[in-house]
Each structure stands twice: as C-alpha cells, then as structure tokens.
Amino acid sequence: MNFVRVGLGLRLLSLAASLGAVAAHAADPADADARKAQAEREARAAISRAEAAKGSEKQDSARRAAEVAARQKAEAAARANAAHPDETPREITLTLDTPFAADANQLSDDARQALMQLAKLAQSRRQVGPIRIEGHANEPGTDEYRMSVAGHRADLVHDFLAMQGVAAEQIETIASPVRTWTQPAGCDAETSRAAADTQCDNPGSSVVTVIHLLEFNTP
C-alpha cells in the first residue's frame with residue numbers, strides 16, 4: 001500500500017514538472033520578443049547618438065575651417081599692406097564735356113589731348129579694373145538712332161586709347177540712352193536762328209570715362 005502511494009506521488013511530481021516545463025516553454029517566445037524589441041530600441045538609440053556626434057563634429061570642422069580661412073585672408077591683407085603701404089585703390093572719372101560737336105563723328109583735338117593724358121595715367125599705374133567708356137548722343141532723333149551714335153562714339157574713344165598703348169581687353173564700352181543736354185523750351189529752329197541765343201545751341205555730346213587704378217599716396 002505504501003509502495004502504491006510512493007509511485008503515485010512520483011508520477012504526480014513528474015507530471016507537475018512536465019507542466020512547468022511546458023509553461024516555461026510557452027513563455028519563452030514572449031520573453032524573446034521583448035528582448036528583441038529592447039535590443040532594437042537600444043540599437044536605434046546608439047545610432048541616434050552616433051549621428052548626433054557626427055553632426056557636431058562636422059560643425060566643429062566647418063567652424064575651424066572658416067576660422068583658418070579668415071585668419072589666412074587677414075594675414076594676406078596685412079602682408080599686402082606691409083609690402084605696398086602707399087597704395088590705395090582709387091576710381092578716376094574723366095568726363096569729356098565736348099569731345100563730339102553736334103552731329104560730329106570724329107574726336108576733337110581737345111578730346112585727343114585729354115585721352116592721351118588718360119592713356120599715360122593708365123600706363124603709369126596698375127589697373128585694378130576695366131576702363132569703362134560711356135558714350136552719349138544729344139542729337140534729335142529716335143532712341144535707336146541716338147543709341148547707335150552713342151555706341152559709335154564710345155568705340156572711337158576705345159580705339160584711340162588702344163592706339164596709345166592701353167590694353168584693348170581692359171576697355172569696355174557702353175552706349176548710354178541718357179541725354180547729357182536737352183534743348184530748353186522755346187528753342188525751336190526758327191526762334192534760335194532769329195534770336196541767335198547761344199543757350200539754344202547744341203553743345204555736343206559728352207563721353208564719360210572711368211578708370212580703376214592703384215594710386216600712390218606720396219607726401
């Protein structure tokens with residue numbers, strides 16, 4: 001009788017152990033999913049931290065590069081100033097008030113003399129920009145006609161400076177539509193002839209020449 005009870009007890013213990021093993025086995029997938037989800041969260045957090053550190057490193061690198069470039073630029077400017085302490089950029093504007101008489105398409109003697117002086121100045125200093133020639137035309141007519149005349153006059157100045165030894169590629173020409181003189185009211189042809197009023201006479205057309213040079217500041 002006692003043997004029967006012992007055997008039954010052993011069978012009950014074995015069954016309980018088997019049920020416990022089954023329950024533990026059933027719980028393993030849930031634990032595995034939880035551990036996997038936790039691992040994925042930790043991996044994403046690690047990636048985020050790495051990307052943040054990388055971005056900060058790039059910003060630091062860019063800032064250091066900008067600081068180095070600014071320092072090099074300042075040092076270069078200081079060296080240039082030390083080498084040429086008496087040079088400063090300067091813009092020289094020469095306005096030829098009457099290089100072309102009314103309806104004329106040739107340079108006057110006065111204009112030639114002024115342009116020769118300009119050519120000598122350009123060749124005696126280092127140019128830091130182009131010579132800009134702006135032609136004008138005050139003659140009556142359409143805008144298209146006056147622009148054509150203004151461009152032709154600017155080209156004449158360009159060619160004359162080039163003949164004086166100024167580099168042609170350093171000269172640019174512009175035909176300006178702006179009138180530098182307009183006939184006063186009441187100066188029609190008959191009135192001006194009758195009154196012989198000089199204020200009604202067309203004074204000609206100017207040409208504005210701008211040159212960018214390094215000028216020497218000598219005491």
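Cut-offs used in this document
- Residues numbered from 1 in each chain as written.
- Predicted model: local features only at pLDDT ≥ 70, side-chain atom pairs only at ≥ 80, totals over all residues.
- Heavy atoms only, no water.
- Helix = DSSP H or I, 4+ residues; strand = E, 2+ residues; numbered from the N terminus.
- Buried < 20%, exposed > 50% of the residue type's maximum accessible area, 1.4 Å probe, protein only.
- Contact = heavy atoms within 4.5 Å.
- Areas by Shrake-Rupley, 256 points an atom, 1.4 Å probe, with all protein chains shown as cover.
- Expected span 1.5 Å × (residues − 1).
- Arc of directions from axis to C-beta.
- Core = buried A, V, L, I, M, F, W, Y, C linked by side-chain atoms within 4.5 Å.
- Pairing = 2+ DSSP bridges.
- Right-handed = clockwise from strand over helix to strand, strands pointing away.
- Salt bridge = Lys/Arg side-chain N within 4 Å of Asp/Glu carboxyl O.
- Polar contact = N/O pair within 3.5 Å; in protein donor to acceptor, adjacent residues only side chain to side chain.

Digging into the overall build of the protein chain
Here is step 1 of the chain: Looking only at helices and strands, one finds four helices and four strands in the protein chain.
Here is step 2 of the chain: Of the regular secondary structure in the protein chain, the N- to C-terminal order runs α-β-α-β-α-β-α-β.
Here is step 3 of the chain: The 219 residues of the protein chain split such that 21% are buried.
Here is step 4 of the chain: Long-range contacts, defined as pairs at least 24 residues apart, comprise 80% of the intrachain contacts of the protein chain with a sequence gap of at least 6.
Here is step 5 of the chain: Carbon and sulfur atoms form 56% of the exposed surface of the protein chain, whose accessible area is close to 14900 Å².

A word on helix α2 (residues 109-124)
Here is step 1 of the chain: The end-to-end C-alpha distance of α2, which contains 16 residues, comes to 23 Å, matching closely the 22 Å that a straight helix rising 1.5 Å per residue would cover.
Here is step 2 of the chain: When we look at burial in α2, the residues that qualify are Ala 111, Leu 115, Leu 118, Ala 119 and Ala 122. Along α2, the residues classed as buried sweep out an arc of 105 degrees about the axis, all on the same side. What points out from α2, more than 90 degrees from its buried face, is the exposed set Asp 109, Asp 110 and Lys 120.

Notes on the nonpolar core
Here is step 1 of the chain: Leu 115, Ile 131, Ile 133 and Leu 161 are the most contacted members of the largest nonpolar core, which totals 20 residues.
Here is step 2 of the chain: Of all the secondary structure elements, the ones that give two or more residues to this core are β1 (87-100), α2, β2 (131-135), α3 (143-163) and β4 (205-216).
Here is step 3 of the chain: The element that contributes the greatest number of residues to this core is α2, accounting for five residues.
Here is step 4 of the chain: Discounting chain neighbours no more than four positions away, the residues touching Ile 131 are Ala 122, Leu 161, Val 166, Gln 170, Ile 171, Glu 172, Thr 209, Val 210 and Ile 211.

Some remarks on the pairing of strand β3 (residues 171-175)
Here is step 1 of the chain: The pairing of β2 with β3 spans five bridges and is parallel. Residue pairing for β3: Ile 133 is matched across the bridge by Thr 173.
Here is step 2 of the chain: Between the parallel elements β2 and β3, the chain passes through α3 in a crossover that is right-handed.

Considering the pattern of salt bridges
Pairing between side chains of opposite charge can happen when their charged atoms approach one another.
Here is step 1 of the chain: Under the defined criterion, the tally for this structure stands at two salt bridges.
Here is step 2 of the chain: Taking the shortest distance from any N to any O, the salt bridge between Glu 139 and Arg 153 comes out at 2.9 Å. Taken together, the positions of Glu 139 in the loop between β2 and α3 and Arg 153 in helix α3 put the pair 14 residues apart, joining distant regions of the chain. Across the pair, Arg 153 and Glu 139 agree in class, each one buried.
Here is step 3 of the chain: The closest approach of N and O atoms between Arg 146 and Asp 143, which form a salt bridge, is 2.7 Å. Taken together, the residues Arg 146 and Asp 143, both in helix α3 and three residues apart, mark about one turn of the helix.
Here is step 4 of the chain: The buried category is assigned to Arg 146, whose relative accessible area is 7%.

As for α3
Here is step 1 of the chain: With 21 residues, α3 extends 30 Å between its outermost C-alpha atoms, agreeing within 8% with the 30 Å of an ideal straight helix rising 1.5 Å per residue.
Here is step 2 of the chain: Taken together, the buried positions of α3 are Arg 146, Val 149, Ala 150, Gly 151, Arg 153, Ala 154, Val 157, His 158, Phe 160 and Leu 161.
Here is step 3 of the chain: Gly 165, located one to two residues past α3, shows a positive phi value of around 105 degrees.

Observations concerning the side chain of His 158
Here is step 1 of the chain: Tracing the backbone shows His 158 in helix α3.
Here is step 2 of the chain: Look at His 158 and you get buried, because its relative accessible area is 17%.

Quick look at the environment of Val 128
Here is step 1 of the chain: In this fold, Val 128 is placed in the loop between α2 and β2.
Here is step 2 of the chain: Using a relative accessible area of 46% as the deciding quantity, one classes Val 128 as partly exposed.
Here is step 3 of the chain: If we ignore the near neighbours within four places in the chain, the residues touching Val 128 are His 212, Leu 213 and Leu 214.

As for the side chain of His 136
Here is step 1 of the chain: For His 136, the location among the structural elements is in the loop between β2 and α3.
Here is step 2 of the chain: Accessibility expressed as a relative area gives 3% for His 136, which makes it buried.
Here is step 3 of the chain: Engagement of the side chain of His 136 in a polar contact is seen with the side chain of Glu 134, the distance being 2.9 Å.
Here is step 4 of the chain: Within the structure, the side chain of His 136 is placed 2.8 Å from the backbone oxygen of Val 178, a separation counted as a polar contact.
Here is step 5 of the chain: Ignoring any residue separated from it by four or fewer positions in sequence, one finds His 136 in contact with Ala 150, Arg 153, Ser 176, Val 178, Thr 180, Ser 205, Ser 206 and Val 208.

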